[in-house]
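Chain residues, written in single-letter form:
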Amino acid sequence: MLRYLTAGESHGRGLVTLVEGLPAGLPVDLTAINEQLHRRQQGYGRGGRMRIEQDQAEILSGVRHGETLGSPVALVVWNRDWDNWREVMSPEALAEPPARPRTVTRPRPGHADLAGVLKFDRADARDILERSSARETAARVAAGTLARLLLRQAGAEVYSHVVRIGPVAVPEDPGNPGNPDSPDSPDSPDGPQGLSARDLAERAEASPVRCADPAASQAMVQAIDEAKAQGTSLGGVAEVLVTGLPPGLGSHVSWDRKLDGLLAQALMSIQSVKGVEVGLGFAAAGLPGHQVHDAIYFEDGRGFHRRTNRAGGLEGGMTNGETLVVRAAFKPIATLYRPLATVDLTTHQAVEASVERSDTCAVPAGAVIAEAVVAFTLAQAFLEKFGGDSLTEFLRNLAAYRRRLVER
Ligand code: EPS
């Protein structure tokens, strides 16, 4: 079973990730991990922390001469900002309690601050916010990159692009499979907008907000500037596409094995995600069945396939062989430089919420994080179906399955 655990506070010594269950013999390229960590730090609207950190991972175990051993892989991303926070976040007991530096008693609406201090009975919301911070996603991206390397061996590739930031959305393309005027539009095999997932992602990568549509990208940047000037923040929607998946990952037989549910949990667990969609998602609720479900075709050599992909590559809790298309809706960052009303934890007086250094918009980063958590969930599904203590055994099992799919 493939699993991961992260540890570390935003301004502590560093972020730790433990990944257990990778097959032995998987080539691990540290530069691939650091490339994804770098991508996570980018995006127009990111805050001052990104000028401090140059996130790079160190591998502490589980990899030898560039290959996994089958034992747990431990990764660490050190916090450069730790030098500025040694006293605030030191694990050592304070010499003269309770003079704790940088305490937070004015919980920020939208963050974990208030719920966390009530749950853990803490007087200082910093005890909560240090872990609830989106800083933790650096550890998730490190873990997700290991999963991505396994997916690549299996012929699957993970892409993403931003489709909305605040009031600015990518126009729904007439070729979009959900367009009711084209119930059987010969949609591109990969995804909406008539582009392949790779094309979308390449265009997105060139955008400061990771949006594939140049006009929308420009308007998103402008919206972020306006939000910053107003002391507020913006959320948005990121779409993840995964190509090269065989049918049959996940299962219809039990609620907790359905891959759409597992992917939804993974995406929903990213800081600030408030909604998840598969394929058409909420739009399907408003369309009649004949404009939602994807007709099935068969060609010798190609086998079963669809010309549309409104299901987003998932049916009955299983991959159906089409491109996986999932979206995550990110709420606006909860720290506002024009803070909302809150109540002081100690005095119960009405006050303004505290202000922690923050981003104006982190949706472009959210897209990278979404790629990572989707990659990890899919790697779990691959290993659950094909097993393999070694990469060769995993690939042998997958190849036998793919042969059977074509022969039947
Ligand atoms: C982030 C690190 C944090 C924040 C941000 C994202 O660093 P710091 O708190 O030192 O500025 O910049 O996290 C949030 C905005 C949040 O609300 O959690 C990161 O590394 O992604």
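Please read these numbers as outputs of a predicted model, since none were measured by experiment.

Asker: Quick question: what am I supposed to make of the packing of helix H10 (residues 363-386) against helix H11 (residues 391-407) here?
Answerer: The axes of two packed helices give the description: the angle between them and the distance between them. Running from amino to carboxyl end, H10 crosses H11 at an angle of 80 degrees, the nearest separation of the two axes being 9 Å. Overall, the two elements H10 and H11 adopt an arrangement that is roughly perpendicular. Here H10 contributes Phe382, Leu383, Lys385 and Phe386 to the contact with H11, which in turn contributes Phe394, Asn397, Leu398 and Tyr401. Of the residues that constitute the contact of H10 with H11, the class distribution is 6 nonpolar, 1 polar and 1 charged.

Asker: What is the right way to look at the packing of aromatic side chains in this model?
Answerer: Aromatic ring pairs are reported here in terms of the distance separating the ring centres and the angle at which the planes meet. This structure, assessed with the given rule, holds 6 aromatic pairs. With a centroid separation of 6.1 Å and 40 degrees between ring planes, the pair formed by phenylalanine 382 and phenylalanine 386 is classed as tilted. Placement of both phenylalanine 382 and phenylalanine 386 in helix H10 is noted, with a separation of 4 residues, approximately one turn of the helix. Judged by its relative accessible area of 5%, phenylalanine 386 falls in the buried class. Grouped by ring-pair contacts, the aromatic residues Phe382, Phe386, Phe394 and Tyr401 constitute a single cluster. A cation over an aromatic ring shows up here: lysine 119 above the ring of phenylalanine 120, its NZ or CZ 5.4 Å from the ring centre. A cation over a ring is seen here: arginine 307 above tyrosine 297, with NZ or CZ 3.8 Å from the ring centre.

Asker: It is not clear to me how the sheet that holds strand S2 (residues 14-20) should be interpreted in this structure. Could you clarify?
Answerer: Two strands in a sheet stick together by hydrogen bonds in their backbones, pointing the same way (parallel) or opposite ways (antiparallel). The antiparallel open sheet is built from 4 strands, whose spatial order is S1-S2-S6-S3. Each having just a single partner strand, strand S1 (3-7) and strand S3 (57-61) make up the two edges of the open sheet. Strand-to-strand, the axes of this sheet are offset by a mean angle of 20 degrees, without reference to chain direction. Against the sheet, helix H1 (residues 30-41) contacts S3 and strand S6 (73-78), and its axis sits at roughly 135 degrees relative to S3. With respect to the sheet, helix H6 (residues 137-153) is in contact with S1, S2 and S6, its orientation differing from that of S2 by roughly 30 degrees.

Asker: Whenever I open this one, a nonpolar patch on the surface confuses me. Can you help?
Answerer: Together, Ile296, Phe298 and Phe304 make up a nonpolar patch on the protein surface, roughly 350 Å² of accessible area in all. The residue phenylalanine 304 is located in strand S12 (residues 303-306) in this model.

Asker: Looking at this model, I keep getting lost on the site of the ligand. Mind explaining?
Answerer: Taken together, 14 residues are adjacent to the ligand, and His11, Arg40, His111, Ala134 and Arg357 come closest. Side-chain polar atom of arginine 357 to an oxygen atom of the ligand: 2.5 Å apart, as the coordinates give it. Burial of the ligand by the surrounding chains reaches 94%, relative to a free accessible area of 470 Å². At a threshold of 2 Å from the grid points, most atoms of the ligand map onto the largest pocket. Residue classes in the shell around the ligand are distributed as 3 nonpolar, 5 polar and 6 charged.

Asker: Help me understand the pattern of salt bridges, please; the structure alone is not making it clear to me.
Answerer: When the charged atoms of two side chains lie near each other, side chains of opposite charge can form a pair. All chains considered together, the criterion is met by 26 salt bridges. For glutamate 371, the salt bridge identified is with arginine 39, shortest N-O distance 2.8 Å. A residue pair is termed long-range when its members are at least 10 positions apart, and glutamate 371 in helix H10 and arginine 39 in helix H1 qualify at 332 residues. Both residues of the pair, glutamate 371 and arginine 39, belong to the buried class. With its nearest N and O atoms 3.5 Å apart, the salt bridge here joins glutamate 384 to arginine 257. Separated by 127 residues along the polypeptide, glutamate 384 in helix H10 and arginine 257 in the loop between strand S9 (236-243) and helix H9 (259-268) bring together distant segments of the chain. The exposure class assigned to glutamate 384 is partly exposed, which follows from its relative accessible area of 47%. For arginine 257, a relative accessible area of 36% translates into the label partly exposed.

Cut-offs used in this document
- Residues numbered from 1 in each chain as written.
- Predicted model: local features only at pLDDT ≥ 70, side-chain atom pairs only at ≥ 80, totals over all residues.
- Heavy atoms only, no water.
- Axes fitted to C-alpha atoms, helices over the stretch in contact; angles between N-to-C directions.
- Helix = DSSP H or I, 4+ residues; strand = E, 2+ residues; numbered from the N terminus.
- Parallel < 35°, antiparallel > 145°, perpendicular 65-115°, else oblique.
- Contact = heavy atoms within 4.5 Å.
- Nonpolar A, V, L, I, M, F, W, Y, C, P; charged D, E, K, R; others polar.
- Phe/Tyr/Trp six-rings, centres within 6.5 Å; stacked < 30°, edge-to-face > 60°.
- Buried < 20%, exposed > 50% of the residue type's maximum accessible area, 1.4 Å probe, protein only.
- Lys NZ or Arg CZ within 6 Å of the ring centre and 35° of its normal.
- Pairing = 2+ DSSP bridges.
- Patch = residues over 30% accessible without salt bridge, like charges linked within 9 Å, V, L, I, M, F, W, Y side chains within 5 Å.
- Areas by Shrake-Rupley, 256 points an atom, 1.4 Å probe, with all protein chains shown as cover.
- Salt bridge = Lys/Arg side-chain N within 4 Å of Asp/Glu carboxyl O.
- Near = heavy atom within 4 Å.
- Polar contact = N/O pair within 3.5 Å; in protein donor to acceptor, adjacent residues only side chain to side chain.
- 1 Å grid on protein atoms, 1.4 Å probe; cavity = no way out; pocket = protein on both sides within 12 Å on 5 of 7 lines; lining within 4 Å.
- Sits in = over half its atoms within 2 Å of the grid points.

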